[in-house]
There are 2 protein chains.
Amino acid sequence: MKAFFLTLLLVASAVSASRFDLTYPLRLRSDGSETLLEGITCSAWRYATSTNNIRDWKTVPTECEEYIKSYYETHKFQDHSKAVNREAYFYAREIPLAKDGRDVFIFDVDDTVISNLPYYREHGYGTEEYNATEFDTWLEKGEAPALPETIKLYNKLLNLGFKIVFLTERNAGHIKITQQNLRNVGYTTWHKYFYKGSKYTGLTSGQYKEQMRKQLVSAGYRIRGIIGDQWSDLVGEAVGDRTFKLPNALYYI
Amino acid sequence: MKAFFLTLLLVASAVSASRFDLTYPLRLRSDGSETLLEGITCSAWRYATSTNNIRDWKTVPTECEEYIKSYYETHKFQDHSKAVNREAYFYAREIPLAKDGRDVFIFDVDDTVISNLPYYREHGYGTEEYNATEFDTWLEKGEAPALPETIKLYNKLLNLGFKIVFLTERNAGHIKITQQNLRNVGYTTWHKYFYKGSKYTGLTSGQYKEQMRKQLVSAGYRIRGIIGDQWSDLVGEAVGDRTFKLPNALYYI
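It should be emphasised that the depicted structure is a prediction, and the values quoted were computed from it without experimental measurement.

## Overview of the nonpolar core
If you look at soluble globular proteins, the nonpolar side chains tend to sit buried side by side.
Link 1 in the chain: Core analysis: the biggest nonpolar cluster contains 113 residues, and Ile-68, Phe-107 and Phe-166 of chain A together with Ile-68, Phe-107 and Phe-166 of chain B have the highest contact counts within it.
Link 2 in the chain: Non-local contacts of Phe-107 of chain B, meaning those with residues more than four positions away in its chain, are made with Val-113, Thr-150, Leu-153, Tyr-154, Leu-157, Ile-164, Val-165, Phe-166, Leu-167 and Ile-227 of chain B.

## Regarding helix α6 (residues 132-139) of chain A
Residue and element names in this part refer to chain A.
Link 1 in the chain: When we look at burial in α6, the residues that qualify are Phe-135, Trp-138 and Leu-139. An end-on view of α6 places all buried positions within 100° of arc, on one side of the element.
Link 2 in the chain: Structurally, α6 contributes buried residues whose contacts are with α5 (117-121), β4 (163-171) and α8 (175-184).
Link 3 in the chain: One side-chain oxygen of the residue at the start of α6 lies 3.1 Å from the amide nitrogen of Thr-133, identifying that residue as Asn-131.

## Some details on the pairing of strand β6 (residues 222-228) of chain A
All names here are of chain A.
Link 1 in the chain: Burial runs high along β6: 6 of the 7 residues are buried.
Link 2 in the chain: With 5 bridges joining them, strand β3 (residues 103-107) and β6 adopt parallel strand pairing. When the sheet's bridge partners are listed, Ile-106 is paired in β6 with Ile-226.
Link 3 in the chain: Strand direction decides the pairing type here: β6 and strand β7 (residues 243-245), joined by 3 bridges, are parallel. What sits directly across from Ile-227, in β7, is Phe-244.

## Observations regarding the sheet that holds β7 of chain A
Residues and elements named next belong to chain A.
Link 1 in the chain: In space, the 5 strands of this open sheet follow the order β5-β4-β3-β6-β7, with parallel pairing throughout. With one partner strand each, in any of the chains shown, β5 (192-196) and β7 form the two edges of the open sheet. Looking at each pair of strands side by side, their axes are set apart by 20° on average, direction ignored.
Link 2 in the chain: In terms of strand pairing, β3 meets β4 through 4 bridges, oriented parallel. Of the residues in β4, the one forming a bridge with Phe-105 is Ile-164.
Link 3 in the chain: Relative to β7, helix α4 (residues 76-92) is tilted by about 165°, and along the sheet it contacts β3, β6 and β7.

## Let's talk about the sheet that holds strand β5 (residues 192-196) of chain B
Residues and elements named next belong to chain B.
Link 1 in the chain: Across the sheet, which stays open at both edges, the 5 strands sit in the order β5-β4-β3-β6-β7 with parallel pairing between neighbours. A single partner strand is all that each edge strand has here, and the edge strands are β5 and β7 (243-245). Sheet twist, expressed as the average angle between the axes of neighbouring strands with direction ignored, equals 20°.
Link 2 in the chain: Taken strand by strand, helix α4 (residues 76-92) contacts β3 (103-107), β6 (222-228) and β7, and its axis lies near 165° from that of β7.

## Some thoughts on unusual backbone geometry
All names here are of chain A.
Link 1 in the chain: Positioned with a positive phi, Lys-99 is a non-glycine residue whose angle comes to about 65°.
Link 2 in the chain: The class for Lys-99 is exposed, based on a relative accessible area of 81%.
Link 3 in the chain: One non-glycine residue with positive phi stands out, namely Ala-238, at about 55°.

## Quick word on the packing of aromatic side chains
Link 1 in the chain: On inspection of all chains with the given rule, the structure shows 47 aromatic pairs over all chains.
Link 2 in the chain: Between Tyr-72 of chain A and Phe-77 of chain A, the ring centres sit 4.5 Å apart and the planes meet at 35°, which makes this aromatic pair tilted. Of the two residues, Tyr-72 of chain A and Phe-77 of chain A, both sit in the buried class.
Link 3 in the chain: Aromatic pair Phe-166 of chain B and Tyr-187 of chain B: ring centres 6.1 Å apart, planes at 85°, arrangement edge-to-face. Placement of Phe-166 of chain B in strand β4 (residues 163-171) and of Tyr-187 of chain B in the loop between α8 (175-184) and β5 is noted, with a sequence separation of 21 residues between them.
Link 4 in the chain: Of the residues examined, Phe-166 of chain B reaches a relative accessible area of 0% and is grouped as buried.

## Here we look at the packing of helix α2 (residues 42-50) of chain A against α4 of chain B
Link 1 in the chain: Remark: α2 of chain A packs on α4 of chain B, axes separated minimally by 8 Å, with the N-to-C direction vectors making an angle of 55°. One element, α2 of chain A, and the other, α4 of chain B, form an angle in the oblique class. For the pair α2 of chain A and α4 of chain B, the sense of crossing is right-handed. Where α2 of chain A abuts α4 of chain B, its residues Ser-43, Ala-44, Tyr-47 and Ala-48 of chain A lie against Lys-76, Asp-79, His-80, Ala-83 and Val-84 of chain B.
Link 2 in the chain: Residue classes in the contact of α2 of chain A with α4 of chain B are distributed as 5 nonpolar, 2 polar and 2 charged.

## Some points on the pattern of salt bridges
Link 1 in the chain: Scanning the entire structure with this criterion turns up 24 salt bridges over all chains.
Link 2 in the chain: Here Arg-222 of chain A ties to Asp-103 of chain A by a salt bridge, and the two come within 2.9 Å at their closest N and O atoms. Residue Arg-222 of chain A is found in strand β6, and its partner Asp-103 of chain A is found in strand β3; the two are separated by 119 residues along the sequence.
Link 3 in the chain: Residue classification places Asp-103 of chain A among the buried residues on the basis of a relative accessible area of 3%.
Link 4 in the chain: Arg-224 of chain B is paired through a salt bridge with Asp-103 of chain B; the nearest N and O atoms lie 2.8 Å apart. With Arg-224 of chain B in strand β6 and Asp-103 of chain B in strand β3, the pair connects residues that are 121 residues apart, well separated along the chain. Taken individually, Arg-224 of chain B and Asp-103 of chain B each receive the classification buried, so the pair is uniform in this respect.
Link 5 in the chain: Each of Asp-100, Asp-103, Arg-222, Arg-224 and Asp-241 of chain A takes part in salt bridges that share partners, so that together they form one network.

## Brief notes about the pairing of β3 of chain A
Link 1 in the chain: In terms of residue burial, β3 of chain A counts as a mostly covered element, since 5 of its 5 residues are buried.
Link 2 in the chain: Neither face of β3 of chain A is exposed, since Asp-103, Phe-105 and Phe-107 of chain A on one face and Val-104 and Ile-106 of chain A on the opposite face are all buried.

## Topic: the state of the cysteines
Residues and elements named next belong to chain A.
Link 1 in the chain: Summed over the entire model, instances satisfying the criterion amount to 2 disulfides over all chains.
Link 2 in the chain: Covalently, Cys-42 is tied to Cys-64 through a disulfide, its sulfur atoms 2.1 Å apart. Its S-S torsion of about -85° marks the bond between Cys-42 and Cys-64 as left-handed, since a negative value means left-handed. In this pair, Cys-42 is assigned in helix α2 and Cys-64 in the loop between α2 and α3 (65-73), connecting sequence segments 22 residues apart. With respect to burial, Cys-42 and Cys-64 carry one shared label: buried.

Rules of the game
Residues numbered from 1 in each chain as written. Chains lettered and ligands numbered in written order. Predicted model: local features only at pLDDT ≥ 70, side-chain atom pairs only at ≥ 80, totals over all residues. Heavy atoms only, no water. Core = buried A, V, L, I, M, F, W, Y, C linked by side-chain atoms within 4.5 Å. Buried < 20%, exposed > 50% of the residue type's maximum accessible area, 1.4 Å probe, protein only. Contact = heavy atoms within 4.5 Å. Helix = DSSP H or I, 4+ residues; strand = E, 2+ residues; numbered from the N terminus. Arc of directions from axis to C-beta. Polar contact = N/O pair within 3.5 Å; in protein donor to acceptor, adjacent residues only side chain to side chain. Pairing = 2+ DSSP bridges. Axes fitted to C-alpha atoms, helices over the stretch in contact; angles between N-to-C directions. Phe/Tyr/Trp six-rings, centres within 6.5 Å; stacked < 30°, edge-to-face > 60°. Parallel < 35°, antiparallel > 145°, perpendicular 65-115°, else oblique. Left-handed = near helix turned anticlockwise from the far one by under 90°. Nonpolar A, V, L, I, M, F, W, Y, C, P; charged D, E, K, R; others polar. Salt bridge = Lys/Arg side-chain N within 4 Å of Asp/Glu carboxyl O. Disulfide = S-S within 2.5 Å.

See below:
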């Protein structure tokens with residue numbers, strides 16, 4: 001009987017909520033207590049993931065697919081990306097460069113400089129579990145579009161005189177198609193392109209990227225900034241002078 | 001003439017924008033270029049500040065007062081706070097405690113455990129410049145309410161057996177009123193209360209808090225988690241096993 005009223009209450013609150021304000025997740029706590037009503041909204045889920053409070057999430061909650069779709073398909077995602085890229089430029093233009101070609105800005109690749117949104121559009125906006133085979137098929141087409149706000153930053157940094165370093169977890173087999181994809185959409189030049197060689201297979205993305213950054217520093221480069229869509233692009237050692245976190249509400253690495 | 005059309009365009013875009021979607025900031029770049037239209041929305045401003053991309057901001061842009069008011073006065077702020085506090089609990093309940101009384105959880109005070117929203121309501125929701133005299137008058141009333149989602153976490157952590165440490169930048173003269181305020185609203189017990197003694201006056205909030213955390217670690221405590229509303233509560237050395245960032249769209253420290 002108690003459960004029945006709880007269910008009624010849940011349905012009532014679900015009906016009264018607006019379309020993009022769905023409560024997530026409606027699940028029992030692992031201790032079995034009746035805490036179903038302590039759900040959070042999809043907005044709160046996006047807040048808590050974007051600030052790295054909720055970590056290691058596997059998929060977007062199915063209840064939030066429409067909310068996340070709306071985030072990407074309206075102006076919101078691009079607005080947020082613009083705020084970050086613009087701030088990176090405001091920061092970068094104040095840096096006096098040494099003219100020795102050692103001032104670098106590191107860019108992650110996937111969903112930092114080129115977008116996998118066309119893939120995720122066909123795969124439930126992050127609500128489906130990651131499928132490496134299907135994702136590779138998409139990647140190997142080499143058709144990922146440039147992220148419009150990041151490419152503006154890229155061009156401005158080149159004009160300022162920064163050296164661009166691409167640091168990606170994509171592997172050796174994908175170098176050619178990735179570089180072709182990058183050139184096709186406007187990223188025509190770079191100083192270094194780090195891919196994840198087979199000897200790094202055992203490392204997480206964050207560990208591998210940290211090692212590459214340390215190599216850069218050892219070689220005398222000054223990491224002036226890093227921009228990425230994942231927190232693992234931006235934490236650990238050798239993170240340079242400043243980091244910039246782009247939005248990604250589709251997946252967590 | 002060119003400026004006239006730019007102005008027209010700006011007015012047109014402002015009119016077409018919805019109430020809470022104001023473009024900010026409509027300012028010239030410092031290089032004098034005509035980039036007025038490269039504004040971002042208040043939503044993007046909140047995103048970029050909450051993710052620590054925009055730093056050292058002095059006030060909420062006046063254009064965003066209504067947006068920030070709405071964030072606090074609807075359910076949104078509390079929803080976001082809930083998501084963070086809940087995640088902190090999900091994390092904490094999995095930690096096996098050593099029963100030696102050395103497992104601590106650090107809480108910041110202002111806008112982490114008690115709320116200064118009543119003050120900011122009377123001061124333009126962060127759009128007015130910080131006024132230490134007026135703020136102290138508010139603080140010395142000792143009437144800051146408990147943040148409803150944080151006090152739930154506080155009680156749950158006590159039940160789990162964590163030692164609670166309050167770490168605040170409030171000074172020695174405010175110990176009595178602050179502790180009375182805390183007790184009045186339900187924070188009735190704690191293991192340690194760190195205030196900012198006069199010898200730390202020269203340190204930033206972040207530097208001071210880092211020193212106190214190092215003292216804790218030197219004394220044999222294990223910092224299992226830290227929760228705060230400012231990034232400066234959560235970065236630097238001795239940040240423990242995990243950090244939790246509460247929303248604060250009103251001010252930056």
